[in-house]
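# Close look at the chain arrangement
These are the residues of each chain, in order.
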Amino acid sequence: MQYYFATKDEMLLVALQHLNARISLRVAAADQSDPLHLLRAGILEILPLDETRRFEARVGLAYLARSVVSAELGEAMRAGLPLVLEFYAGQIRAAQARGQLAAGLDADQEASALLALAQGLGQPALIGLYPPEAVVALVDRHLARLAPGDQGRAPLTPGD
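Residues numbered from 1 in each chain as written. Predicted model: local features only at pLDDT ≥ 70, side-chain atom pairs only at ≥ 80, totals over all residues. Heavy atoms only, no water.

## Brief notes about the overall build of the protein chain
For the record, the criterion: Comment: elements are numbered from the N terminus, with helices defined as DSSP H or I runs of at least four residues and strands as E runs of at least two. As a reference, a globule follows 2.2 Å times the number of residues to the power 0.38, and the radius of gyration itself is taken over C-alpha atoms. To sort residues, take the accessible area from a 1.4 Å probe on protein chains only and compare it with the maximum for the residue type: under 20% means buried, over 50% means exposed, and anything in between is partly exposed. Throughout, a contact is declared for two residues whenever any of their heavy atoms are within 4.5 Å. We get accessible surface area from the Shrake-Rupley algorithm with a probe of 1.4 Å; when it comes to residues, only the shown protein chains can shield them.
The number of helices and strands found in the protein chain is six helices and zero strands. Listed N to C, the secondary structure of the protein chain is α-α-α-α-α-α in terms of helices and strands. Here the protein chain has a C-alpha radius of gyration of 17 Å; the compact-globule value for 160 residues is 15 Å, and the two agree. With the C-alpha coordinates aligned to their principal axes, the bounding extent of the protein chain is approximately 55 × 30 × 25 Å. The burial tally for the protein chain puts 40% of its 160 residues in the buried class. Counting contacts in the protein chain only where the partners sit at least 6 residues apart, residues at least 24 apart contribute 61% of the total. Here the protein chain has roughly 8900 Å² of accessible surface; of this, 60% comes from carbon and sulfur atoms.

## Section: the packing of aromatic side chains
The condition is simple: Two aromatic rings, drawn from Phe, Tyr or Trp (for Trp, its six-membered ring), form a pair once their centres lie within 6.5 Å of each other, and the interplanar angle then sorts them: stacked below 30 degrees, edge-to-face above 60, tilted otherwise.
Under the definition given, this model contains one aromatic pair. Geometrically, the ring pair formed by Phe87 and Tyr88 is tilted, given 6.2 Å between the ring centres and 55° between the ring planes.

## Here's the deal with the nonpolar core
For clarity, the cut-off: Definition of nonpolar core: a set of buried residues of the types Ala, Val, Leu, Ile, Met, Phe, Trp, Tyr and Cys, connected through side-chain atoms within 4.5 Å.
Of all hydrophobic cores here, the largest spans 24 residues; its most connected members are Leu39, Ile43 and Leu47. Elements with a minimum of two residues in this core: helix 2 (35-44), helix 4 (71-97), helix 5 (107-126) and helix 6 (132-145). With seven residues, helix 5 is the largest single contributor of residues to this core. Leave out the neighbours within four places in its chain, and Leu47 touches Arg53, Ala118, Leu121, Gly122, Val135 and Val139. Leu16, Leu19, Ala30 and Leu73 belong to the second largest nonpolar core, which has twelve residues in total.

## Focus: helix 5
For clarity, the threshold we go by: Multiplying one less than the number of residues by 1.5 Å gives the expected span of a helix. We call two N or O atoms a polar contact when they sit within 3.5 Å, provided that within protein one can donate a hydrogen and the other can accept it, with sequence-adjacent residues counted only if both atoms are side-chain atoms.
Taking 1.5 Å of rise per residue, 20 residues should cover 28 Å, and helix 5 covers 28 Å from first to last C-alpha, within 8% of that figure. Here the buried face of helix 5 lies against helix 2, helix 3 (51-67), helix 4 and helix 6. Measuring from the backbone nitrogen of Asp108 back to the side-chain oxygen at the start of helix 5 gives 3.0 Å, which picks out Asp106 as the cap.

## Structural notes on helix 1 (residues 8-28)
One full turn of an α-helix is made of 3.6 residues, so residues set three or four places apart face in the same direction. Going by this rule: Here the arc refers to the directions that run from the helix axis out to each C-beta atom.
Taking 1.5 Å of rise per residue, the 21 residues of helix 1 would be expected to cover 30 Å, and the 30 Å separating its terminal C-alpha atoms lies within 8% of that figure. Along helix 1, the residues that are buried comprise Asp9, Leu12, Leu13, Leu16, Leu19, Ile23 and Val27. End-on, the buried residues of helix 1 take up no more than an arc of 125°, which puts them together on one face.

## Digging into a nonpolar patch on the surface
What counts here: Think of a patch as exposed residues, more than 30% relative accessible area, with no salt bridge, where like charges cluster within 9 Å and nonpolar side chains (Val, Leu, Ile, Met, Phe, Trp, Tyr) cluster within 5 Å. Take a side-chain nitrogen of Lys or Arg and a carboxyl oxygen of Asp or Glu: if they are within 4 Å of each other, that pair is a salt bridge.
Taken together, the side chains of Leu61, Leu64, Val68 and Val69 define a hydrophobic patch exposed on the protein surface, amounting to about 360 Å² of accessible area. Summarising the element assignment, Leu64 is placed in helix 3.

## Focus on the pattern of salt bridges
Across all of its chains, the model carries eleven salt bridges by this definition. Ionic pairing is found between Arg26 and Glu56, a salt bridge with its closest N-O pair at 2.7 Å. Placement of the pair is Arg26 in helix 1 and Glu56 in helix 3, with a sequence separation of 30 residues. Judged by relative accessible area, which is 24%, Arg26 ranks as partly exposed.

If you want it as structure tokens, here you go:
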């Protein structure tokens, strides 16, 4: 590893970039014609729901822990998270335009809430507190609460 990276931080930065690229490719494979399902995919892909995503979550946690004490890594984290928030907010706005989500929602605030929800579910799911199906159900329940009118709407399922 020392041949390729001068420091541990350098290695973690490259690992994070690779991780982000992998997640982006999986989200890009989702149905691009439906903003609500694309938003859902963007949330679920950062959660440790299978072995691939559990591995990525562990890498992400290592990066996060190190970024708290490394100015360079902290800056990379601060630069990357707004891109996730912009993606979520853009999909929320598109879903609002299609009548899939309530028109009165503040897309930027909801994007922040969705990121916080995903991050809050990630660690407990990673240690086995929540099984994958419970995590998906919680995400779907939250998204359903954002729908226009009936806040008790059934959770989303693929193909809705």
